[in-house]
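Given next are the chains, with one letter for each unit.
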Amino acid sequence: MLPNKQIELKLQAAVRAILPEADTSIVLVRPCPDPKFGDYQSNALMSLAKARKMNPRQLATDVLAKLDVGDVCEKVEIAGAGFLNFQLKSSALTGALQAAARGEHLFFDETASPRTAVIDFSSPNVAKPMHVGHIRSTILGDSLARTLRLLGHRVITDNHIGDWGTQFGKLLVGWKKHLDAAALQTNPIAEMERLYKLVNAASEADEKILEAARQELVKLQSGDAENLKIWREMIALSQKQFDTIYGRLGVKFDHTLGESFYNPRLKPLVDELVTKGIARESEGAIAIFFDDLPQLKEQPALIRKSDGGFNYATTDLATLAYRLETWRPDEIIYVTDGRQQLHFQQVFTVFRRWQRAAGILPEEPTSSSGSAQTSSDLPAGRAAARSLKLAHVWFGSILGEDGKPFKTRSGETVKLADLLDEAEERAFKIVSEKIPDLPEAQRREIARVVGLGAVKYADLLPNRQSDYVFSWDKMLALQGNTAPYLQYAYTRIKSIFRKAGETSNSDKSRVNIQHSTTNIQLAKGEEIALANHLLNFGLTLEAVAEEYRPNFLCNYLYELAGKFTSFYENCPVLKADDATRASRLALCDLTARVLKQGLGVLGIETVEQM
Ligand code: ARG
């Protein structure tokens, strides 16, 4: 077990000895923000004391008296208002590194309490090109899925595509009257987009066309065979486009249950909500009111329109119920842009009421003090946490260098396929300048990995809730906090091993030395700093999973590369004496493995040479 976990478990036990009724799952040990004070820190005692109106320093003193971490810690101190700071013994640090070098772990433990998480992400709309707006949901959702899986959780990914809705009325009119079969062959998405725009514009000018679209929609919804057939074809053509892009991005879904899948469930759902007194009629429509919630007071959720059609919220409620029945998740994570905050706040609140009416939830949530259970940004999500954690993981927009929404030069939304092409093309130019002698196929492959990596990393690095400016030059730079920098750092370590291999060929006594040693000695400051940072990989992964923030991992990896550079500049590896050389090579190897695994969790590949 990793030393931080040992400390955490012992600390939890010591807290239970003093406060037998306390929820110790919130007693966590985290890296110390300032290494001056120690390696690890826990601030949990302060909130435990506060909730009980106790003196936090006194509680810390009492807990400390019950805590024996002498086997892994040099010292434990109470600091400030009641922090506990832990300083690791160097034997604990080297012990953990040696276990990693033996392949026993890579600085993270699989969770002892696996959760089932459904992740709803990407979810583009049918008959439209995937554009740059879809990238954040796709990349963010994919990296969360990978992180949770790596930590041993059960993850179900579900692509909730928009394959139902009013746009199909117009699309059907267009398909029947204006379809260009040849264009559909060569570029189906562009053709469908053209049809939609054409009929959309025409119906704005001509009420009769709008009415025709409405009729087609009604026919589709009532199961008209011809319309269903066309609709299915539109979905199949779109799915092909989605699959191409997902293939390039290395993103996989366990399920693609689009909105249409839930159609049969919508009417019974609305009826049930009305019967249970959760929803009521309002101006011909059916709505749910939130008079008790100041932030939703003026914002009723519509679940049936006055024309009988259902709403986005209706489908999401049906989807939620289906997921709960089918997969029994502990957690559902929705990754969409920030404009959907209100929507999910409504959906989560209604769902909680619904569960309460069905007797699944207790009458009123006692308080949100179990807030450690959720990282949803919404109070509604927090309250729903009791049995099922609902999290809306939202993100900001991508801006152009002019600070306005990111567009093409001619002012159109940027298509995702074009963006990925351009990334690879730009990376190819850079790679070709750097290593012109490499055969073209190899340069193309490196450019693919670097170009896609750069785009993904640029998307994951900023705090997801802030907007970010899309800049090719910045994201492709070999210096700075970028994917190419980290990928390059990885190849540099690999080249150390290539050099070490050459030495070993010329010097028989050194053959395979880099693989055989697990005897790690840490002497210099830079070595210790690198080792300590390696040890925090798992804690970083856990923080990503807890707060749904892959940017923590980006910054961790960037720091790792920086610490490796100082180590490599200050601690000779290949020229050191045998034992030191072997120990330092082991540190190099562990750094490379963490870099590769860390980038992998972000959905970013590495190459051996670039
Ligand atoms: N198709 C929606 C859109 O493009 C996103 C769906 C997100 N998932 C959900 N369960 N509502 O905005």
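Owing to the predicted nature of the structure, the values given are computational and were not obtained by experimental measurement.

**Student:** What is the right way to read the nonpolar core from this model?
**Tutor:** When a protein is soluble and globular, its nonpolar side chains tend to lie buried together. Formed by 148 residues in total, the largest nonpolar core has its most connected members in F86, L97, F107 and L419. The next biggest cluster of nonpolar side chains, apart from the first, holds 35 residues, and it includes V118, L317, F344 and F348.

**Student:** Please explain the sheet that holds strand β8 (residues 285-288) as it appears in this structure.
**Tutor:** Backbone-to-backbone hydrogen bonds pair the strands of a sheet. The strands run either parallel or antiparallel. Taken in spatial order, the 3 strands of this open sheet run β7-β8-β9, and their pairing is antiparallel. Either end of the sheet is taken by a strand with one partner, and the two such strands are β7 (280-282) and β9 (301-304). With direction set aside, neighbouring strand axes in the sheet form an average angle of 50°.

**Student:** It is not clear to me how the pairing of strand β10 (residues 331-337) should be interpreted in this structure. Could you clarify?
**Tutor:** Each regular strand carries side chains that alternate between the two faces of the sheet. A large share of β10 lies buried, amounting to 7 of its 7 residues. The pairing of strand β5 (residues 116-120) with β10 spans 4 bridges and is classified as parallel. By the bridge assignment, D120 is partnered in β10 with Y334. The pairing of β10 with strand β11 (residues 389-395) spans 7 bridges and is classified as parallel. Each residue of the ladder has a partner; that of D337, found in β11, is F395.

**Student:** Any chance you could explain the site of the ligand here in plain terms?
**Tutor:** In the vicinity of the ligand, the contacting residues are D120, S123, N125, H160, Y312, D316, Y334, T336, Q340 and F344. Here a nitrogen atom of the ligand sits 3.0 Å away from a polar atom, N or O, in the side chain of N125. Interatomic distance of 2.8 Å between a side-chain N/O atom of Y312 and a nitrogen atom of the ligand. Protein chains bury 87% of the 350 Å² of accessible surface belonging to the ligand in isolation. Broken down by secondary-structure element, the contributors of at least two residues to the shell around the ligand are α12 (312-327) and β10. Considered class by class, the residues forming the shell around the ligand number 3 nonpolar, 5 polar and 2 charged.

Conventions used here
Residues numbered from 1 in each chain as written. Predicted model: local features only at pLDDT ≥ 70, side-chain atom pairs only at ≥ 80, totals over all residues. Heavy atoms only, no water. Core = buried A, V, L, I, M, F, W, Y, C linked by side-chain atoms within 4.5 Å. Buried < 20%, exposed > 50% of the residue type's maximum accessible area, 1.4 Å probe, protein only. Pairing = 2+ DSSP bridges. Helix = DSSP H or I, 4+ residues; strand = E, 2+ residues; numbered from the N terminus. Axes fitted to C-alpha atoms, helices over the stretch in contact; angles between N-to-C directions. Near = heavy atom within 4 Å. Polar contact = N/O pair within 3.5 Å; in protein donor to acceptor, adjacent residues only side chain to side chain. Areas by Shrake-Rupley, 256 points an atom, 1.4 Å probe, with all protein chains shown as cover. Nonpolar A, V, L, I, M, F, W, Y, C, P; charged D, E, K, R; others polar.

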